[in-house]
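# Fold and geometry: a report
These are the residues of each chain, in order.
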Amino acid sequence: MAGSEEESRYSRQLYVLGGGARRLPGSAVLVSGLRGTGAQVATALVLAGTGRVVLHDFGAACTADRTHQFLLEESDLGQNRAEASQRALAELNPRVVHSLTDLAQVVVLTESPLEEQLRVGDFCHAQGICFIVADTKGLAGQLFCDFGERFVVDDPAEGDPVSAAVEHISQGNPGVVTYMGTENSHGHLFHDGDLVTFSGVQGMTELNGQEPVPVRVLDAFRLEINDTSSFSAYRCGGLVSQVQQPQECSHKPLSQALEDPKIQVANPEDLPRSCSLHTAFRALHAFRRERCRLPLPRAPADAEQVLELARSLGAQRDPLDEDLVRAFASVSAGDLCPVAAVVGALAAQEVLKAITGKFVPLEQWLYFDALECLALAGAAQLTETDCAPRGSRYDGQIAVFGANFQEELGHQKYLVVGAGAIGCELLKNFAMMGLAAGPDGELIVTDMDTVALSNLHRQLLYRSADISEPKSVVAAAAVQRMNPDVRVTAHQNQVGPATEMLYKDSFFRHLDGVASALDTMEARTYLERRCLRCRTPLLDSGTEGTQGNVMPMVPFLTEPLAPASTPRDGTFPMCTLRHFPRTIQHTLQWARDEFEGLFQLPAEQVNQFMEDPAFLEQQLPGKVLEQVWESLRERPQDWRDCVRWARRHWQRCYHDIITQLLHIYPPEHVSPAPQGWHPLHDTHLDYVLAAAHLFAQVHGVPPCRDRAAIQAILRDVVLPPFAPQEGIQIPLTEEPTDKAQVPTGEVPRYVPESSLVVDDDVHIDFITAASNLRAENYGISPANWLTSKRIAGRIVPAIITTTAAVAGLACLEVYKLVWGCQDLSCYRNSNINLSTCLMLRVQPPPAPTYWVGPSSLGKCSCWDRLEMRAVGADGQAMTVQEVLDWLQVSPALSALRSPWGMHGQILTPTSCRGRMAGP
């Protein structure tokens, strides 16, 4: 039935990690090193609900730590980093214990010497402890995993196993299964070698309950299976479902993997770069061992020494990229919060894989860098003096970009739209970076929502005490605590058509940039259109489960972001929902429709009628009046009436209508089976309990949760036998004799539909039971409470690791925007998938250009604006047709149009000519 408080808190994470997430409370992880990367790892694990997270660090917190270690406050300076971080983490999740009484399951080392890594790595490998190294230096990061020689992945794939409704199965050797595509499927659902099972097949029943069989894909809708020649003939129905098989991985210890590295890359072309970074990190360890320090920022002599050490390490698979090694070494003393966020999030996801057995772990090395930032115009000319420490909290950032750039960051004016998971991570990074921390800086965060319990596992700026408080207000206060110099303002507004008088074009033009942290494609598309119109840089970010993406939209450089595709709104053909469901998604949508039709719309109509009977004039009077009459006529007097009503409705939905359907349609056309009432059947009783509770809630009757009492009431309910009729429509109750007489009385209370996607357990209880009962009618596998809530509530799976990585990647693009970069090759579109530990960063497509009108106009793009002087030789204004004829309108003119129409102005000087309004 209903989910526990733990499930409510971690619901979106459970959708990502599956059943393996239940191992988290009993797990223990040691995190050594509590600077930026370690803080990100520990925070993600604490928010995810890991049972014991033990922190280790010998160092004391210093001022420079505060450019990337977001757990520290001013009062923590001089104290042990681990102890100071533990206090902050305890506020995030009091359920997590920070003491260790036995060996940890996972050990994470961050920013530790190579000698320590080798020693601890060998110990962990021998003891069967999963071992992870995560390190960041300047603009680059390194990740290593050793999960032992025989690590079993229980569930390698993301999402639910694939299933499809069977259309036909041939008798033969091999048998051929024809299945139906799903509404949202693209390409093949199955792959060669997949193992599948069958359920609900009629006729060829030998397949039902059989051991998983391998398939060979013939095309997008046909599979070959084993010999079916001796089976009964297929009649109808059935579901073919993929079976996930465990997978075994084998890792070498660090001492072996260091010399013969297996490096994971998203693109084979990136392997030489990763190999050079592998050598560069080893050379940096050697430099630090010799000099007892890191290379000084922008010190050519130190960078050359690191290069010499890299050369001395011997041959590698590909030639050493010496320029890459120099660039890496020159900023290796830097500490950047965005880089720590990316690498720390990746490391935390690997920890979750080790604990839950969900997803295949990294094999075995991963390298990440944003050294393209050093190609920014003028960045190469920075000197040791420009990047020398100032005793500032931003020294780690100054070491990479210089002191003047830090001042420019303080002047920025940015808008963050959305203070959810991504928004919290962006704001945390902005606080560490010092964005808008200058006297004329401005950081605005706006969000209409309030903090909910389910936010707490992935939105680090919120605490349990903040539940029901405005997100933007709480987030702004948290930013101020992290960095009191940031000039942050909280708004509680939606950015959309309804607020265009508040967020005018002049508001957007005043901004240096906009960061989108929205969770719907429609809202993200609207924001993109506004930024395109006003030529304001936009950073668009999004996540779903372990996948995420970042796309910068830079005026005059990049093409506009792709328009939103048709949203997956969960709609299905009505005939499929009413009579021929094939999947659990169909039965859940049917159950959701039942909820709205039974408990939402009637209450809403009665409320409107009782308050203003004239509203019928704007409706279909006969139909609505009948619905109002029916709602009031059925009004219960007490809880017993509610239970009797629920029992009658159960009979109608799961016996009578199915019996009628079988009477109307031939057996080969439909395959449902009517159910008989069983008072001890849990799902039957679950349905009556939830339906009666909601019916009572609507009519203001006190509900009861006592199952024994409900069973006693049900024993007295006797329903007449049902006889099929010559027609599909089945009345729920007797027809009223006089529909003109509407009863009066207390107005029923409206049950908000939005509760489906929040935390109202009774609503989900009803939908789960209603859906599973209908699934039983049609031989469809049922769904548990949590899965039903996700599908019916259309909830997007989410996890802190993905949001942290995406926000870090977005903030790397902020550096380029603040620098004023006009070189497209420096920007990156980023796509990540943490389930496979893959990251793809590519140059954004350029803004397309077009020839428009006379050759004197030249090329233009969607970022340009056409300003015209449209006055003829006689001094009279030209007609629209004359202007169009003059422009020699072609399809390319559409480049000058945005979703807001033509960006042109009719002016009145003495001649007729056009020019492009440049940047």
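The following paragraphs examine the structure supplied in this document. (Residues numbered from 1 in each chain as written. Predicted model: local features only at pLDDT ≥ 70, side-chain atom pairs only at ≥ 80, totals over all residues. Heavy atoms only, no water.)

Within the chain one finds 26 helices and 30 strands. Element-wise, carbon and sulfur atoms account for 52% of the exposed surface of the chain, whose accessible area totals about 37,900 Å². (Helix = DSSP H or I, 4+ residues; strand = E, 2+ residues; numbered from the N terminus. Areas by Shrake-Rupley, 256 points an atom, 1.4 Å probe, with all protein chains shown as cover.)

Another aspect to go through is the packing of helix α12 (residues 403–410) against helix α25 (residues 800–819). As a packed pair, α12 and α25 sit with axes 10 Å apart at the nearest point and diverge in direction by 95°. Considering the angle they form, α12 stands roughly perpendicular to α25. Between α12 and α25, the contacting residues are F405, E408 and L409 on the first element and Y815, V818 and W819 on the second. A per-class count over the contact of α12 with α25 returns 5 nonpolar, no polar and 1 charged. (Axes fitted to C-alpha atoms, helices over the stretch in contact; angles between N-to-C directions. Parallel < 35°, antiparallel > 145°, perpendicular 65-115°, else oblique. Contact = heavy atoms within 4.5 Å. Nonpolar A, V, L, I, M, F, W, Y, C, P; charged D, E, K, R; others polar.)

Our next topic: the side chain of T583. Within the element layout of this structure, T583 appears in the loop between α17 (574–578) and α18 (584–611). Using a relative accessible area of 9% as the deciding quantity, one classes T583 as buried. A distance of 3.2 Å separates a polar atom in the side chain of T583 from a polar atom in the side chain of Q585. (Buried < 20%, exposed > 50% of the residue type's maximum accessible area, 1.4 Å probe, protein only. Polar contact = N/O pair within 3.5 Å; in protein donor to acceptor, adjacent residues only side chain to side chain.)

With respect to topology, 7 strands assemble into an open sheet ordered β10-β9-β13-β7-β8-β12-β11, the strand pairing being antiparallel. Bordering the open sheet on either side are β10 (213–214) and β11 (216–219), each of which pairs with just one other strand. Examined bridge by bridge, strand β7 (residues 163–169) and strand β8 (residues 176–179) share 3 bridges and lie antiparallel to one another. Each bridged residue has a counterpart across the sheet, and for V166 the counterpart in β8 is Y179. (Pairing = 2+ DSSP bridges.)

In this model, helix α3 (residues 81–92) (12 residues) spans 17 Å end to end at C-alpha, consistent with the 16 Å of a helix rising 1.5 Å per residue. The complete set of buried residues in α3 reads R81, A82, A84, S85, A88, L89 and L92. In a view along the axis of α3, the buried residues occupy a sector of 160°, so they form one face of it. Of the exposed residues in α3, the ones pointing more than 90 degrees away from its buried face are E83 and E91. Here α3 starts with a cap whose side-chain oxygen sits 2.9 Å from the backbone nitrogen of A82, and that cap is N80. (Expected span 1.5 Å × (residues − 1). Arc of directions from axis to C-beta.)

If you walk through the whole model with that rule in mind, you get 42 salt bridges. For R23, the salt bridge is made with D154, and the minimal N-O distance between the two is 2.6 Å. Taken together, the residues span a long stretch of sequence, with R23 in the loop between α1 (5–17) and β1 (28–32) and D154 in the loop between β6 (151–153) and β7 at a distance of 131 residues. Assessed through its relative accessible area of 42%, R23 is described here as partly exposed. The salt bridge partner of D641 is R644, with a shortest N-O separation of 2.9 Å. Of this pair, D641 and R644 both sit in helix α20 (residues 639–664), 3 residues apart, which is roughly one turn of that helix. Linked by salt bridges that have partners in common, R35, D57, D65, R81, E111 and D335 make up one network. (Salt bridge = Lys/Arg side-chain N within 4 Å of Asp/Glu carboxyl O.)

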